[in-house]
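What follows is the residue order along each chain.
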Amino acid sequence: MVPVSYSVRNLMVRRTTTAATALGIGLVVFVFASVLMLGAGLQRAMGRSGSADVAIVLRAGSDAESSSGIELPAAGLVTASPEVRVRPDGRSDAVGEVVGVLALDRAGGEGMSNVQVRGVPDDVYRFRPSVHVVAGRAAAPGSDEVVVGAAIRGRFRGVDLGQSFEIKKNRRVRVVGVIEDRGSSFESEVWGDIDTVRAAFGREALVSSVRVGLRSAGQLDAFKRAIETNPQLGLTVKRESVYYEELAQGTTTFLTILGLMIAFFFSAGAMIGAMITMHASVAQRSREIGTLRALGFSRRSILASFLFESVVLSLAGGVVGALASLAMGLVRFNIVNFATWSEVVFTFVPTPSIVVSSLLFAALMGLLGGFFPAVRAARMNVLDALRA
Amino acid sequence: MSSPEESAAAPMVELTNVTKTFHRGAETLTVLDGLSLSIAEGSFEALMGPSGSGKSTLLNLVAGLDRATSGGVRVAGQDLTAMTDGDLAAFRARYIGFIFQSYNLMPVLTALENVELPLLLTKLPSADRKRRAATALRVVGLEDRADHYPRQLSGGQEQRVAIARALVNDPKIIVADEPTGDLDRKSADQILALLEKLNKDFKKTVVMVTHDPEAASHARVTHHLNKGAFQ
């Protein structure tokens with residue numbers, strides 16, 4: 001085989017061209033990695049909101065809590081099911097919540113956006129132990145107090161500690177605390193007393209959803225069967241983690257397809273760049289190619305050598321792009337979830353598999369971009385190449 | 001052209017009624033016209049002639065870089081006429097050492113790495129390859145230039161590195177195409193002395209194309225070509 005040092009040093013000799021081509025590829029890899037990180041961030045924000053041993057019950061036909069309504073007697077029947085965990089105090093480990101969407105002015109006067117408002121019972125923190133009040137205090141039961149998620153704190157007018165905003169015309173609620181939950185979508189919500197929210201959104205005698213803690217994750221099928229086969233209830237049951245995955249799916253798919261399409265078109269440009277660079281390199285080194293062939297190196301060796309050079313060039317760009325994309329982890333991003341039509345705030349999440357995928361993507365661009373120049377080099381007539 | 005004692009040795013190169021034609025549009029150019037040649041093992045032979053006489057074409061046929069249009073070409077006991085491209089590449093790697101007019105070193109590789117190149121086609125381990133390349137550089141008197149790149153060497157030194165590269169694989173035949181064409185007289189004499197050394201001390205068969213009568217005088221036999229035939 002032609003030595004690796006030959007390929008690598010040839011790239012070093014043509015520093016400017018190499019750097020410009022690698023930079024183009026790096027830009028594409030940056031976009032590619034950022035798109036994947038964005039998808040991963042959204043999946044994490046939504047996925048972390050759900051647990052495998054928690055089931056969510058909605059009105060049959062509803063995809064999201066905000067469009068669901070369950071009458072209180074039905075909710076009572078659900079929580080009394082034998083598959084539901086019982087707390088030491090003898091009560092079912094379950095919460096019924098009211099969910100609405102509220103349009104709020106963005107801080108700094110940049111228009112309005114929707115925020116999901118959740119009316120929660122007073123034992124909600126017991127049901128969701130991962131949610132913590134990180135500033136201020138929890139809202140007092142039966143009051144006009146709310147807590148807000150850390151991700152939306154200060155992003156809307158009145159949505160910060162000590163401030164207030166209208167949950168309904170002429171009905172103000174006061175922010176007394178800030179909650180966090182490992183970056184989950186709860187951090188993009190406003191939580192208030194269930195009766196306050198119910199009244200504000202006109203959901204009297206209803207809850208939007210019922211969540212129940214199952215005795216074990218394996219109890220879901222039995223619970224689902226019991227609830228869904230009862231024609232008087234008209235309810236549907238999902239595992240909570242699946243529910244959130246489905247909520248995120250549409251938005252994630254849209255963003256990923258859009259982003260990958262952009263990356264795809266960019267990559268065509270970058271591959272043409274790599275191809276031009278490698279074609280020029282082949283043309284400049286015709287005599288060297290002829291000499292290598294004369295010395296006995298096979299066409300396949302020449303092909304492999306130029307393909308390798310192209311892949312190294314692309315990987316150099318890929319490393320730069322992937323490293324640059326890691327900085328996107330510091331950026332917070334907000335997007336309207338298509339399922340709930342409310343804003344979710346999340347961060348770009350870098351993962352080892354995204355870094356590996358990005359580098360593979362770069363290598364693929366190098367292979368495709370370098371293919372025709374490498375074939376041209378390998379197919380050169382020895383004598384013509386030596387005379388060049 | 002060959003002396004009786006050389007003819008007695010086994011022929012290293014045997015060309016029988018070789019013709020080589022090229023097509024330029026509708027025109028057919030005959031570069032070698034029914035030419036036969038026998039070169040004994042261990043000989044040092046020069047090919048001379050005016051431009052277009054066919055001497056480089058003849059050398060390319062001997063080296064396995066080109067194919068005859070008709071006739072037989074046997075080199076080092078191998079019938080080149082029946083070989084595929086891949087077979088010819090393997091033949092060159094095993095039997096032929098090349099010396100080019102413009103040295104044809106890889107500019108991004110050091111002298112030692114350039115000399116090592118043909119050994120990469122063998123199964124020798126890296127340490128053995130390096131040792132043999134260093135030995136070849138010592139033979140041409142450039143052991144202290146092993147880490148120099150071609151741009152850091154004079155023309156004569158570059159050609160000596162090329163000779164070390166031609167020698168390192170222990171080929172049967174050294175083919176040299178105008179090896180002194182780009183050199184001053186002093187450097188040319190050094191190169192010719194080295195070729196003589198390869199022939200006499202290392203028993204290599206040397207076939208050299210040259211325009212230079214002084215260079216040809218170092219060969220034991222000189223063949224003169226004109227219009228594709230021996231004069």
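Whatever comes next refers back to the structure up there.
Everything quoted here is computed from the prediction, not taken from an experiment. Here the residue index of a chain counts from 1 through its sequence in written order. Key to labels: chains lettered from A, ligands numbered from 1, both in the order written. Residues qualify for local features only when their pLDDT is at least 70, as the model is predicted, and side-chain atom pairs are given and counted only at 80 or more; totals for whole chains, interfaces and linings, by contrast, use all residues. Processing note: side-chain calculations cover all non-hydrogen atoms of the structure and skip hydrogens and water entirely.

Draft legend 1. Molecular detail of the overall build of chain A. Along the backbone of chain A there are eleven helices and 14 strands. Taking 2.2 N^0.38 as the reference for a compact globule, 388 residues should give roughly 21 Å; the C-alpha atoms of chain A span a radius of gyration of 29 Å, well beyond that estimate. The principal-axis extent of the C-alpha atoms belonging to chain A is close to 90 × 50 × 30 Å. Between buried and exposed lies partly exposed: a residue is buried under 20% and exposed over 50% of the maximum accessible area for its type, with that area taken using a 1.4 Å probe on protein chains only. Looking at chain A as a whole, 51% of its 388 residues qualify as buried. Contacts are assigned to residue pairs with any non-hydrogen atoms lying within 4.5 Å of each other. For chain A, contacts bridging at least 24 residues in sequence account for 78% of all contacts bridging at least 6. Segments assigned H or I by DSSP are reported as helices when at least four residues long, segments assigned E as strands when at least two residues long, and all are numbered from the N terminus. Taken over C-alpha atoms, the radius of gyration is set against a globule rule of 2.2 Å times the number of residues to the power 0.38.

Draft legend 2. Fine view of the packing of aromatic side chains. Residue and element names in this part refer to chain A. The aromatic pairing rule takes the rings of Phe, Tyr and Trp, using the six-membered ring of Trp, and pairs them if the centres are within 6.5 Å, calling planes under 30 degrees apart stacked, those over 60 edge-to-face and the rest tilted. Overall, the coordinates contain nine aromatic pairs over all chains when judged by the stated rule. Between tyrosine 125 and tryptophan 191 the ring centres are 6.0 Å apart and the planes differ by 45 degrees, which places this aromatic pair in the tilted class. In this pair, tyrosine 125 sits in helix H4 (residues 124-127) while tryptophan 191 sits in strand E9 (residues 189-193), placing the two residues 66 residues apart along the sequence. When its relative accessible area of 24% is taken as the criterion, tyrosine 125 is described as partly exposed. Residues phenylalanine 264 and phenylalanine 265 carry aromatic rings whose centres are separated by 5.5 Å and whose planes lie at 70 degrees to one another, so their mutual orientation is edge-to-face. Judged by its relative accessible area of 53%, phenylalanine 264 is exposed. A relative accessible area of 55% means that phenylalanine 265 is categorised as exposed. Clustering of aromatic rings is evident, with ring pairs tying together Tyr125, Phe186, Trp191, Tyr243 and Tyr244.

Draft legend 3. Layout of unusual backbone geometry. With a phi angle near 65 degrees, Asn170(A) is a residue other than glycine that sits in the positive phi range. Turning to its location among the elements, Asn170(A) is positioned in the loop between strand E7 (164-168) and strand E8 (171-180). When its relative accessible area of 69% is taken as the criterion, Asn170(A) is described as exposed. Despite not being glycine, Asn104(B) has its phi angle at roughly 55 degrees, a positive value. Mapped onto the fold, Asn104(B) is located in the loop between strand E6 (96-99) and helix H4 (111-116).

Draft legend 4. Local environment of the environment of Asp212(B). Residues and elements named next belong to chain B. Secondary-structure assignment places aspartate 212 in the loop between strand E8 (205-209) and helix H8 (213-216). Look at aspartate 212 and you get buried, because its relative accessible area is 18%. Sequence-wise, aspartate 212 and glycine 49 are 163 residues apart; in three dimensions their C-alpha atoms are separated by 9.8 Å. The residues touching aspartate 212, leaving out its near neighbours within four places in the chain, are Met48, Thr180 and Arg185. Only 3.0 Å separates the side chain of aspartate 212 from the backbone nitrogen of glutamate 214, close enough to count as a polar contact. N or O atoms closer than or at 3.5 Å make up a polar contact, with two conditions inside protein: a donor-capable atom paired with an acceptor-capable one, and, for residues adjacent in sequence, both atoms drawn from side chains.

Draft legend 5. Representation of the interface of chain B and chain A in the model. Taken together, the contact between chain B and chain A spans 22 residues of the former and 20 residues of the latter. Put simply, buried area is the surface a 1.4 Å probe can reach on two separate parts but cannot reach once they are joined, added for both. Between chain B and chain A, a total of about 1900 Å² is buried, with carbon and sulfur atoms accounting for 65% of that surface. Considering only the surface of chain B that becomes buried against chain A, Met106(B), Val108(B) and Leu121(B) emerge as the three largest contributors, covering 27% of it. Whenever Lys or Arg places a side-chain nitrogen within 4 Å of a carboxyl oxygen from Asp or Glu, that contact is recorded as a salt bridge. Counting every contact that joins chain B to chain A gives two salt bridges. With a shortest N-O distance of 2.5 Å, Asp85(B) and Arg299(A) are connected by a salt bridge. Top element by residues in the side of chain B that touches chain A is helix H3 (residues 85-95) of chain B. It accounts for four residues. Of the residues in the side of chain B that touches chain A, the class split is 13 nonpolar, four polar and five charged. Just so you know the grouping, Ala, Val, Leu, Ile, Met, Phe, Trp, Tyr, Cys and Pro go in nonpolar, Asp, Glu, Lys and Arg go in charged, and all remaining residues, Gly too, go in polar.

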